Each structure stands twice: as structure tokens, then as C-alpha cells.
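# Survey of secondary and tertiary structure
For reference, the chains in residue letters:
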Amino acid sequence: MASNRRILWKMRCRVSVSFSAGAHHTQYYLTNICSRNFYGNGKRDIVSISYNVKDYYQELHPAVRLYKNLTRDDLQTVSVNCQRPTNSIFGTVWETISGKETEKDARTDAGKEIMVYLPDPVNISNRAPAGLIKQDLIEVADIKISVEVHPSGGEVKAEANEGIKVLYGSLADAKDQKVKRTPLGTNRFPDKESLKPPTPEQQPSKKEPASPSVYTFTADQCSGAIILRLTPTDTTDTFKTYRRATDVDDKVQTLFDLGNFGLETPKLKFSKVEKLWWGEEFTNVEFYNLTGFHFRFLETKQHIAHMQFWIAVIPGPKVDARLHDHTDQAFRELHTCLSQGTPQEQVSGTAKQGGMVAPRKEYYSKSFDDVKKLEEKLNEGAFDYCALMPLEEHGKIWHTLDDGRTIYRKNGTVSYPAHAWRAGVGNAGENVDVWMALEFDARL
């Protein structure tokens, strides 16, 4: 314990005091220090921030510094009630501060996200319960979303009404390894695919009778698999529609309890986009966001994906996410519908279901400004439209080479055409579209 105290004392001095070489005075940093389990491995790390005070002290290099606790396990004296990381999922809280938060925001969990640290599937033991590691995350639009880590070659069971989305690795049909599910899907926009398991008549192998309710995948033999499981809470296999955004928001539940890591679990909720620091252009638009979860590998902290949720109120094609092309963000993005505000039986005449829009092939490489002009002229013939039903995901929108490899811009971001979610136009009054966005790391 004495050895551990000396280490922490040296770290504290390192971030709080500096002596000027050759000078006749001692220079002190104005520093706040905090000790927490930042790396999610059960050890206490130290973070510090050095800052300026007007007319009093000018810090040469204001910075936030994180010092990882590298002490051996046998020296560890502070416990955060965590299991060994190789067979566990860990969580911490990430808070974005823009400087535009209101006093009300400061009293709520606005801007907070949960960081989920997942063990690499090749490192986990098949002796884990049921051969997997699982953590419930959140319930949105009456769909419970969980994350699971499956070892190499492990079996993954799926009920007929569940959605299975791969975050890392791949899943194969248990009897035909050539039929795979991967994080970025197989189809290009405007094609789409269901996250539900194949129905018995769709299953690639018919050597044995298939169960009508349970389907078996196999995790990749080399990399294993990390998946999201989307389970409707309504056992009748009917997906709900919602009249107002508040009807969705009131039922959101954060299921990942961070109490075991010494943290208070944030109550994740939807915010109207016009009230967010970046949402000024959406003033008076019925558009809502809930962000969300970041997934990283526990061992390396490599980013895997970011998950967030959106609501758009219908009717009206102007109630949408606006055309955008991610010129300042490096990820590959896919969207999954959780609730379709315009049921299929209402689609007739001018009625249209909510979904994603992007330029047709002949306009796919046009600049953002050129595509914007096509939209302003109401040239609908220039756009493909992909309406989505619950647990359906659209295909890849970003630019790729002929062999499927991602094209990047000079600034390192992923090359995208202009695209947007377009809310539906229903015949039965206002409902809302609810969807999930997964933003995959650009180079993983």
C-alpha cells in the first residue's frame, strides 16, 4: 500500500507543480485533479486539467491529461467492484460540453453518453455463461437493445421476431458458412435488408426441419462476433406507432446500470434538435435526437461504433434530417427503423412511408451543392427513396470502389453523396418515425 501511495503522490506532483529552469521562483499550475476508473479495468486512474485565470495566471499549455494506472494487480488497493476484464463488459460516462448548455441542461443528463468497453471476442472464454457475454443497454420505441460478445465459432440463437445487428466480426448460417452477416451489410442503397433471422423457407440449408421460432447463427471462426440484439417488448410481434415524440421519450429506459463502476447511470432522453448546440438550422422542425452509446474494445480502446436515435414527426416531406454529406466526420453510417409512422396499409395516393433518400446512380457523384439544387427544384426523379419497416436497414450510401472498398476524402473523412431521412406523409394524421443510427469507425 505504501508503494501504491508513493506512485500516486508522484503522479499528483507531476501534474500540479512545475519548477522553471534557471528561474528564481517556483511556478505552480492551477490544476484540478480527479481520480476515477476511467479505463474500465477496476483501477483508479488520474485525470487533471490545467487552466488560465484572467488577470492572475497564464498557463502556457492548458490541457486535460489522463494518466493511466499501470500498477500491478497485486499492488491494487482500491476496488471498484469489477470482474476480470477478459469476461466482462464495462461502462463509463462521456459528457460533451459545448459551452452553450443552459442551467436546466446542467441539472439533467443532457449531453451525456455511455461508453461501452467490450472484450475482443478472441480473448473471451467459451466457459462464459451460455458461451457469451451480454449487457442490456436501453429500451427505445418498445424495443430492448442489448450488446453481446460471442467467442470464435460460438452459436448465436435468435427468435423469429428479434433483430440481430453485427457490430464486429460476422455471423454465418450454422449450416452454410458462406451466408454471412457483417457490420456494413451486403447491399448498396437503395436496397435494404431485414435484421430479423431468415424465415424457415429462407434458410439456406433444408437438410433438417427448421424451428419456426429460433434460428441459429455461428460467430466467425477467427474473429468471433459482437452483436446488437433488438427485442420487441410486445410478444404479439406487432410493432407500435406513436402519435407524439413525447410518447416515445416517456418510455425510454436506460438499462445499463453503471453503479457497479462507481458511476451514476444517466437517464438518456430525447432532446429537440433545435435546442442542441448544433441544431439552430432545425428551428421549428419536429426533429429529436437521443445520443447515445459509444462502443470500444476494452483491451485497446479502439473505437468500433457510435449508436444514437432519432425521431421525426409526420406528415410532411420538410420534416427531415436535412441533406448532409458528413464532410467533417469519419464514419460509415447505417440506419435501422424502430417504428414506422406510416403503416403499410396507409400507403396510397400521396401517402409515403418514412425512409432514407439519396441521389440516383447518375447523380451519385454530384457535389453537395448540385444535389441540393435538384432537391430545391423538387426533382424527385433524381433521388432514390428507401422506405423502411421496423428492424429493416438500408444499404451502403457512402462511395466505394468497384471492389467495395471505402473511398475517403483528402481530409480523411468518408466520401458521401448528399442524403437524409425523409419523414413519411401519412393519411391518418400525425405519427412519428423512430430510427437508430450506427456510425461505424471509418477504418476498422
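Keep in mind that what you see is a predicted model, and the values were worked out from it rather than measured.

## What to know about the overall build of the protein
Summing up its helical and strand segments, the protein has four helices and 26 strands in all. Going through the 444 residues of the protein one by one, you find that 48% of them count as buried. For the protein, the proportion of contacts with a sequence separation of at least 24, taken over those separated by at least 6, is 71%. Total accessible area on the protein stands at roughly 22,800 Å², and carbon and sulfur atoms take up 50% of it.

## Brief notes about the confidence of the model for the protein
Summing up the model confidence of the protein, the mean pLDDT is 77 and the portion of residues at 70 or higher is 73%. At the low end of the mean pLDDT range in the protein sits strand β1 (residues 17-19), at 34; at the high end sits strand β11 (residues 163-169), at 97. Note on residues 1-30: pLDDT is under 50 here. Beyond four places in sequence and across chains, it has 40 contacts. Per-residue pLDDT stays below 50 along residues 74-85; that stretch engages in 29 contacts with residues further than four places along the chain or on separate chains.

## Concerning the side chain of Asp220
Here Asp220 is to be found in the loop between β15 (214-219) and β16 (225-232). We note that Asp220 is buried and unpaired, the nearest opposite charge coming from Lys180 at a distance of 4.2 Å. Excluding residues within four positions of it along the chain, Asp220 makes contact with Ser152, Gly153, Ser170 and Lys180.

## Examining the sheet that holds strand β25 (residues 420-422)
Strands sit in the order β23-β22-β25 across an open sheet of three strands; the sheet is antiparallel. The open sheet is flanked by β23 (383-387) and β25, the only strands paired with a single partner. Looking at each pair of strands side by side, their axes are set apart by 35° on average, direction ignored.

## Digging into unusual backbone geometry
Residue Phe189 is joined to Pro190 through a cis peptide bond whose omega torsion reads 10°. In this fold, Pro190 is placed in the loop between β13 (176-181) and β14 (192-194). Note the cis peptide between Thr291 and Gly292, where omega equals -10°. Tracing the sequence through the fold places Gly292 in strand β19 (residues 287-297). Even without glycine at this site, Asn284 takes up a positive phi of about 65°. Tracing the sequence through the fold places Asn284 in the loop between β18 (271-272) and β19. By relative accessible area, Asn284 is classed as exposed at 68%.

## Details of the side chain of Gln308
Considering the arrangement of structural elements, one finds Gln308 in strand β20 (residues 303-313). Judged by its relative accessible area of 8%, Gln308 falls in the buried class. Of the polar contacts made by the side chain of Gln308, one reaches the side chain of Asn289; its length is 2.9 Å. Apart from the residues lying within four places of it in its own chain, the contact partners of Gln308 are Asn289, Leu290, Thr291, Trp435, Met436, Ala437 and Glu439.

## What to know about the packing of aromatic side chains
Under the definition given, this model contains nine aromatic pairs. Here Tyr215 and Phe217 contribute two aromatic rings whose centre-to-centre distance is 4.6 Å and whose plane-to-plane angle is 70°, an arrangement assigned as edge-to-face. One exposure class covers both Tyr215 and Phe217, and it is buried. Measuring from centroid to centroid gives 6.3 Å for Phe287 and Trp435, while their planes differ by 20°, and the two rings are stacked. With a gap of 148 residues between them, Phe287 in strand β19 and Trp435 in strand β26 (residues 432-441) connect regions that are remote in the sequence. Chaining the aromatic ring pairs together yields one cluster made of Phe282, Phe287, Trp310, Trp421 and Trp435.

Rules used in this analysis
- Residues numbered from 1 in each chain as written.
- Predicted model: local features only at pLDDT ≥ 70, side-chain atom pairs only at ≥ 80, totals over all residues.
- Heavy atoms only, no water.
- Helix = DSSP H or I, 4+ residues; strand = E, 2+ residues; numbered from the N terminus.
- Buried < 20%, exposed > 50% of the residue type's maximum accessible area, 1.4 Å probe, protein only.
- Contact = heavy atoms within 4.5 Å.
- Areas by Shrake-Rupley, 256 points an atom, 1.4 Å probe, with all protein chains shown as cover.
- pLDDT = per-residue confidence, 0-100.
- Lys, Arg positive; Asp, Glu negative; His and termini not counted.
- Salt bridge = Lys/Arg side-chain N within 4 Å of Asp/Glu carboxyl O.
- Pairing = 2+ DSSP bridges.
- Axes fitted to C-alpha atoms, helices over the stretch in contact; angles between N-to-C directions.
- Polar contact = N/O pair within 3.5 Å; in protein donor to acceptor, adjacent residues only side chain to side chain.
- Phe/Tyr/Trp six-rings, centres within 6.5 Å; stacked < 30°, edge-to-face > 60°.

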